Amino acid sequence: MGMCVLDSAESVFCRADIISTVEFNYSGELLATGDKGGRVVIFQREQESKNRPLSRGEYNVYSTFQSHEPEFDYLKSLEIEEKINKIRWLPQQNAAHFLLSTNDKTIKLWKISERDKRAEGYNLKDEDGRLRDPFRITTLRVPVLMPMDLMVEASPRRIFANAHTYHINSISVNSDHETYLSADDLRINLWHLEITDRSFNIVDIKPANMEELTEVITAAECHPHQCNVFVYSSSKGTIRLCDMRAAALCDRHSKFFEEPEDPSSRSFFSEIISSISDVKFSHSGRYMMTRDYLSVKVWDLNMENRPVETYQVHEYLRSKLCSLYENDCIFDKFECCWNGSDSAIMTGSYNNFFRMFDRNTRRDITLEASRENSKPRAMLKPRKVCTGGKRKKDEISVDSLDFNKKILHTAWHPKENVIAVAATNNLYIFQDKIN
Amino acid sequence: MGARGLKRKVHESNEGEGSVWQSQLQSVLDISWDKFQRDQALVEPSLLRSVLINNTLRQVQSEVRTSLSGISGPRKLQAPPRVLPELRSQRECTPAGLGASICSLGLENMEDDFMAWSTDEDFSLSSAISAILKNLDAALDGGPSVPQRSALASVENIPGDGRYRQSLTFSHKTESCRTSEGGAPASMSGFLQDATIDDLLLDIDTSVFNGEVNSFGSGTFSFPADELVRYLPSLSSSPSAPSSSGSREMHELEHIMDILVRT
């Protein structure tokens, strides 16, 4: 499959709050988004039907609920943000859908279920709920299930709280579908989905003397197939792979991935830009991908000393690092994602640009998620950043980039070429053009 | 004729490179320091951000040290110590323990001859960094070593009982010292036994300093030595049973006093 050119469906959703996470479920039928206000909005793909051939697989709002509320930590006298940091779906086991959503401190398991039938004909109460006068009941009837308008209900089934002192940055469901891990800056805990009052601490990098702290955990993920393996990345650009069979406490890693630093490009910001903001296993489980400030790297799990592929996302920013440090953009945490076949990867950038790389052809493309470019069925035009010299007609110069428009969260449908791109408080859904 | 009016420039190329590096070092230091201060004023600075900024500051520090060791002659300390105007701003002065106040005393002119401040700057920087990170943890370091985590021991969720923990915050180290030593009511000591010390250590941070420092009431935070001493005597009046934490506090405060005396 070649590099896909995308057109857009009528899928631009604007909301009041900044979107903070985007995730497709295992089938791709559902797309969940979380925002800064603690809300989760789930979109569902329309079934393609002969009656409406043009609405081929559009996403529409399926359910909206308030997942987290702001809380107050009495010990520290500060508010715990309700912003949803991550959403992860559970594999579907019955008619209902389950997902985990987390803010800085608390993880919740939500059940999303449909109700399209209602019982009518109760003996003891009227249709509007009022109790019937018992003396007036002369016959016994059996309530009948009648169809009703589809109602989608979200209910919290488990609340996993009070296990993290620091801010949770990752959750990941294990391939055993029974456990999941949650990671904060210094610790990783392993939970059982049924048990909320305790968790196992499996990684703890908190030094005995906090003065010695120089490195924190930035992301963690379970291996897609081996339920005993997980990885976590650090602020120093390293990834540690741990095997839970080796020891109960995984402070010692099984594998340690780090690329030696290029001495010629060393600067005051080398460490900051090497900090890994996201780590994702490939669907195959053979590779993993890491995102640091300027690049995306693909690692072979069997080779620890360097990545097998490196893709520059926006190398033109390297000369601007000091300004980006000053305006805090250098601390932005970009995510990255694989396509279903692991042949392509995608990540976001500034100016509402996002980048896609084809691993086979080594071609890359820059696209923009903006209202102007997103007329229905419109083709997305490739964008280019001019790095110096003469600016060509459609190019945009580095200095004109809008650093407030950042695409931090993207998601790729597990099977098809459908992508979801979150640009501040707009969600764009793009689909592959099929002739 | 023309040569007479021409200024001779010694080591022109060296100075050119050096000044570029110098200005870069300067801006990184300025920006980092500014961020560090702003973050300390926040109730809960992001740990990742703090660590990255601290590491950058450390890097700047070591660069300065290396360059100092390679420098000789007239570029050494010249400018007399001078407190940075912005560091005097009392509201901004961070409650990151006494270490930060030492910075305000020890930091010198950073604008032009930044080499000049380097030795004192090194020290005050490192003490500032140490203070920040230490205050991310608690000084309620009341016991011997942190109990070992046992394998497969699950971490019981600590009930979030704010009442007891609130009183364990430390306005300054001596008070907390007293609390842990046994001035605590029975209920609190029971709580201490139930919760592991390690868990307690986790949850105390500099936010409590904000309230406490302001409650000291003074407008200026120039921290002259005698004002500082005012807060110290409470240590000497504390019960005579020195716990390990008590002696440690004493040692640290003596250390701080040494610095003040030196400056």
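Naming follows an unreviewed UniProt entry, where chain A appears as Serine/threonine-protein phosphatase 2A 55 kDa regulatory subunit B of Pygocentrus nattereri. Recorded under Sequence similarities (unreviewed entry), the UniProt text for chain A is reproduced unchanged: "Belongs to the phosphatase 2A regulatory subunit B family." For the record of chain A, the UniProt heading Subunit (unreviewed entry) holds the text "PP2A consists of a common heterodimeric core enzyme, composed of a 36 kDa catalytic subunit (subunit C) and a 65 kDa constant regulatory subunit (PR65 or subunit A), that associates with a variety of regulatory subunits."

Q: How do you make sense of the overall build of chain B when you look at a structure like this?
A: On a plain count of helices and strands, chain B comes out with 13 helices and one strand. What you see in chain B, going N to C, is helices and strands ordered as α-α-α-α-α-β-α-α-α-α-α-α-α-α. Counting over 263 residues, chain B shows a buried share of 44%. Relative to all contacts within chain B whose residues are 6 or more apart in sequence, the contacts with residues 24 or more apart total 82%. Looking at chain B as shown, the accessible area adds up to about 13800 Å², and 55% of this sits on carbon and sulfur atoms.

Q: Help me out: how do you make sense of the sheet that holds strand S5 (residues 59-66) of chain A in this one?
A: To summarise the sheet geometry, strands pair through backbone hydrogen bonds and adopt either a parallel or an antiparallel arrangement. Residues and elements named next belong to chain A. Sheet architecture is open: four strands sit in the order S2-S3-S4-S5, paired in antiparallel fashion. A single partner strand is all that each edge strand has here, and the edge strands are strand S2 (19-24) and S5. Strand-to-strand twist in this sheet, taken as the mean axis angle between neighbours without regard to direction, amounts to 20°. Direction of pairing for S2 relative to strand S3 (residues 30-35): antiparallel, over a ladder of five bridges. Bridge pairing links Thr 21 to Gly 34 in S3.

Q: Looking at this structure, how should I read the nonpolar core?
A: Proteins that are soluble and globular tend to have nonpolar side chains buried together. By size, the foremost hydrophobic cluster in this structure holds 42 residues, and its most contacted members are Tyr 293, Leu 317, Leu 324, Tyr 325, Ile 330 and Leu 401 of chain A. Looking at this core element by element, the count peaks at eight residues for helix H2 (residues 47-70) of chain B. With near-sequence residues (within four places) excluded, Leu 324 of chain A lies in contact with Tyr 293, Leu 317, Cys 329, Ile 330 and Phe 403 of chain A. Met 356, Ile 365, Ala 369 and Leu 380 of chain A belong to the second-largest nonpolar core, a separate cluster that totals 16 residues.

Q: Got a minute to help me understand the sheet that holds strand S19 (residues 255-257) of chain A in this structure?
A: All names here are of chain A. If you walk across this open sheet you meet the four strands as S16-S17-S18-S19, and the pairing is antiparallel. Pairing within the sheet leaves two strands with one partner each, and these edge strands are strand S16 (217-222) and S19. Mean inter-strand twist for the sheet, computed between neighbouring axes without regard to direction, equals 20°. As judged from the five bridges shared by strand S17 (residues 229-234) and strand S18 (residues 239-243), these two strands associate in the antiparallel manner. Residue pairing in the sheet places Val 231 in a bridge with Leu 241 of S18.

Q: Looking at this structure, I do not really get the pattern of salt bridges. What am I missing?
A: Residue and element names in this part refer to chain A. Applying the stated criterion to the full structure yields 31 salt bridges over all chains. Glu 416 serves as the salt-bridge partner of Arg 45, at 3.0 Å between the closest nitrogen and oxygen. With Arg 45 in strand S4 (residues 39-45) and Glu 416 in the loop between strand S30 (409-412) and strand S31 (418-423), this pair connects stretches of sequence that are 371 residues apart.

Q: Would you mind going over the packing of aromatic side chains with me for this structure?
A: Between two aromatic rings, the relevant description is the distance of the centres plus the angle of the planes. All names here are of chain A. Summed over all chains, the structure comprises 18 aromatic pairs over all chains. On the numbers, 5.0 Å between centres and 40° between planes, the contact of Tyr 311 with Phe 357 is tilted. With a gap of 46 residues between them, Tyr 311 in strand S23 (residues 309-312) and Phe 357 in strand S26 (residues 353-358) connect regions that are remote in the sequence. Within the aromatic cluster, the residues linked to one another by ring pairs are Tyr 293, Phe 334, Tyr 350 and Phe 403.

Q: Help me understand unusual backbone geometry, please; the structure alone is not making it clear to me.
A: Most peptide bonds adopt trans geometry, and most residues besides glycine take a negative phi value. All names here are of chain A. The backbone phi angle of Asp 328 is positive, close to 75°, even though this residue is not glycine. Take Asp 328: it is sitting in the loop between helix H2 (321-326) and strand S24 (336-338). Positive phi, normally seen in glycine, also occurs at Arg 362, with a value near 65°. Judged by its relative accessible area of 48%, Arg 362 is partly exposed.

Q: I tried to follow the pairing of S17 of chain A on my own but got confused; where do I start?
A: Side-chain direction in a regular strand flips from residue to residue, so the side chains alternate between the two faces of the sheet. Residues and elements named next belong to chain A. Where burial is concerned, most of S17 is hidden: six out of the six residues are buried. The alternating pattern of S17 places Val 229, Val 231 and Ser 233 on one face and Phe 230, Tyr 232 and Ser 234 on the opposite face, and all of these are buried. Direction of pairing for S16 relative to S17: antiparallel, over a ladder of five bridges. Within S17, the residue paired with Ala 219 across the bridge is Ser 233. In sequence, S16 turns back onto S17 through a hairpin of six residues.

Q: Please explain the pairing of strand S13 (residues 179-183) of chain A as it appears in this structure.
A: Residues and elements named next belong to chain A. Taken across its five residues, S13 has five buried, putting it largely inside the fold. Bridge count between strand S12 (residues 170-173) and S13: four bridges; the pairing is antiparallel. Opposite Ile 171, over in S13, you have Ser 182 as the bridge partner. Connecting S12 to the next strand, S13, in antiparallel fashion are five residues, including His 177 with a positive phi near 60°. Taken together, the five bridges between S13 and strand S14 (residues 187-192) define a ladder with antiparallel strand orientation. Following the sheet pairing, Leu 181 is matched in S14 by Leu 190. Remark: three residues form the turn of the hairpin made by S13 and S14, two consecutive strands paired antiparallel.

Q: Would you mind going over the environment of Asp 402 of chain A with me for this structure?
A: Residues and elements named next belong to chain A. Following the sequence through the fold, Asp 402 ends up in the loop between strand S29 (396-397) and S30. Asp 402 sits in the partly exposed class, given a relative accessible area of 25%. Taking the C-alpha atoms as reference points, Asp 402 and Asn 352, separated by 50 residues in sequence, lie 8.1 Å from one another.

Reading the values: rules and limits
Chains are numbered independently. Their residues run from 1 in the order of the written sequence. All chains are assigned letters beginning with A, and all ligands numbers beginning with 1, in the order in which they are written. Whole-chain, interface and lining totals are the exception, using all residues; otherwise, since this is a predicted model, local features are given only for residues with pLDDT of at least 70 and side-chain atom pairs are given and counted only at 80 or more. Values reported for side chains reflect all heavy atoms of the structure, with hydrogen atoms and water molecules removed beforehand. UniProt positions are given in the numbering used here, feature names are shortened, and annotations may be inferred rather than shown by experiment. Helix and strand labels come from DSSP, where a helix needs a run of H or I of at least four residues and a strand needs a run of E of at least two; each type is numbered from the N terminus. Each residue's exposure class comes from its accessible area (1.4 Å probe, protein chains only) as a fraction of the maximum for that residue type: buried when under 20%, exposed when over 50%, partly exposed otherwise. Note on definitions: a residue-residue contact is assigned when non-hydrogen atoms from the two residues lie within 4.5 Å. Note on areas: these come from Shrake-Rupley sampling with a 1.4 Å probe, and a residue is covered only by the protein chains present in the view. When DSSP finds at least two bridges between two strands, those strands are taken to pair. Here the axes come from fitting lines to C-alpha atoms, over the contacting stretch only for helices, and the angles between their N-to-C directions go from 0 to 180 degrees. The set of buried Ala, Val, Leu, Ile, Met, Phe, Trp, Tyr and Cys residues whose side-chain atoms join them within 4.5 Å is what this entry labels a nonpolar core. One speaks of a salt bridge when a side-chain nitrogen belonging to Lys or Arg is within 4 Å of a carboxyl oxygen belonging to Asp or Glu. Pairing of aromatic rings covers Phe, Tyr and the six-membered ring of Trp, with a centre-to-centre limit of 6.5 Å; geometry is then stacked below 30 degrees between planes, edge-to-face above 60, and tilted otherwise.

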